[in-house]
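What the coordinates show
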Amino acid sequence: MSGKHGTFQWMELMTRDVESAKKYYSDVFGWTYDTMPTPDGNYILAKLDGPPIAGIMDMAMMENSEGIPAHWFTYIGVNDIDKALEQTRESGGKIKKEVFYVPDVGKIAIVADSTGAHFGFMQPVATS
């Protein structure tokens, strides 16, 4: 992750059929996978020639996901997540999930832009 403000940082496939999704992306793109246990279940790291390139998450791990179809979800990098949330409110967006911290990743918040499109802010952990 580059961490550059305003650039796409990470993508996650939200699905209810993780095994079918893994097979599809392996067959079509040659992805391989690592499983990362979490308190809510397993998180799948998709890889292509080395480092992780995306995540796959079972929507059963998500609250209020009934009726939401499988989809790709993206995270955009920000330098200052608190400022980005303030700017979101001022620009007609909505905060859907306040800031939370993911170890070794950074601060994340889920928002909707002024048109209702949902995405995540990601303020990556500082790297040296």
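Residues numbered from 1 in each chain as written. Predicted model: local features only at pLDDT ≥ 70, side-chain atom pairs only at ≥ 80, totals over all residues. Heavy atoms only, no water.

**Some thoughts on the overall build of the protein**
Counting its secondary structure elements, the protein contains two helices and eight strands. Along its sequence from the N terminus, the protein presents helices and strands in the succession β-α-β-β-β-β-α-β-β-β. Rg of the C-alpha trace for the protein: 15 Å, near the compact-globule value of 14 Å for 128 residues, within the 12% margin. When the backbone C-alpha atoms are referred to their principal axes, the protein occupies close to 45 × 40 × 30 Å. Among the 128 residues that make up the protein, the fraction classed as buried is 35%. Long-range contacts, defined as pairs at least 24 residues apart, comprise 47% of the intrachain contacts of the protein with a sequence gap of at least 6. Accessible surface for the protein amounts to roughly 8,000 Å². Of this, 54% is attributable to carbon and sulfur atoms. Both charge centroids of the protein, one from 11 positive and one from 17 negative side chains, sit 4 Å from each other. (Helix = DSSP H or I, 4+ residues; strand = E, 2+ residues; numbered from the N terminus. Rg over C-alpha atoms; globule rule 2.2 N^0.38 Å. Buried < 20%, exposed > 50% of the residue type's maximum accessible area, 1.4 Å probe, protein only. Contact = heavy atoms within 4.5 Å. Areas by Shrake-Rupley, 256 points an atom, 1.4 Å probe, with all protein chains shown as cover. Lys, Arg positive; Asp, Glu negative; His and termini not counted. Charge placed at Lys NZ, Arg CZ, Asp CG, Glu CD.)

**Some words on the side chain of Glu12**
Considering the arrangement of structural elements, one finds Glu12 in strand β1 (residues 8-15). The side chain of Glu12 sits in the buried core without any salt bridge; Lys97 is the nearest counter-charge, 9.8 Å away. Excluding anything up to four places from it in sequence, Glu12 contacts Tyr43, Gly55, His71, Trp72, Phe73 and Tyr75. (Salt bridge = Lys/Arg side-chain N within 4 Å of Asp/Glu carboxyl O.)

**Let's talk about the layout of surface pockets**
The computed volume of the largest pocket comes to approximately 1,400 Å³. Together, 32 residues line the largest pocket, and Glu12, Met14, Met57, Tyr75 and Phe100 are the ones closest to its centre. Of all elements in the fold, only β1, β2 (32-38), β3 (41-47), β4 (52-58), β5 (71-77), β6 (94-102), β7 (106-112) and β8 (118-124) reach the threshold of two or more residues within the lining of the largest pocket. Among the elements that line the lining of the largest pocket, the one with the most residues is β6, at four residues. Considering only residue class, the lining of the largest pocket consists of 22 nonpolar, four polar and six charged. (1 Å grid on protein atoms, 1.4 Å probe; cavity = no way out; pocket = protein on both sides within 12 Å on 5 of 7 lines; lining within 4 Å. Points joined across faces, edges and corners; volume = space filled by probe spheres on them. Nonpolar A, V, L, I, M, F, W, Y, C, P; charged D, E, K, R; others polar.)

**Some thoughts on the packing of aromatic side chains**
Under the criterion given, the structure shown has eight aromatic pairs. Ring plane angle 75° and centroid distance 5.2 Å describe the contact between Phe73 and Tyr75, whose orientation is recorded as edge-to-face. You can call Phe73 buried: its relative accessible area is 10%. A network of ring pairs unites the aromatic residues Tyr24, Tyr25, Phe29, Trp31 and Trp72 as a single cluster. Above the face of the Phe100 ring, Lys97 is positioned so that its terminal group lies 4.5 Å from the ring centre. (Phe/Tyr/Trp six-rings, centres within 6.5 Å; stacked < 30°, edge-to-face > 60°. Lys NZ or Arg CZ within 6 Å of the ring centre and 35° of its normal.)

**Some points on helix α2 (residues 81-90)**
Residues of α2 that are buried: Ile81, Ala84, Leu85 and Thr88. End-on, the buried residues of α2 take up no more than an arc of 100°, which puts them together on one face. Of the residues that open α2, the one with a side-chain oxygen 3.1 Å from the backbone nitrogen of Asp82 is Asp80. Once α2 finishes, Gly92 follows within two positions and takes phi at roughly 90°, a positive value. (Arc of directions from axis to C-beta. Polar contact = N/O pair within 3.5 Å; in protein donor to acceptor, adjacent residues only side chain to side chain.)

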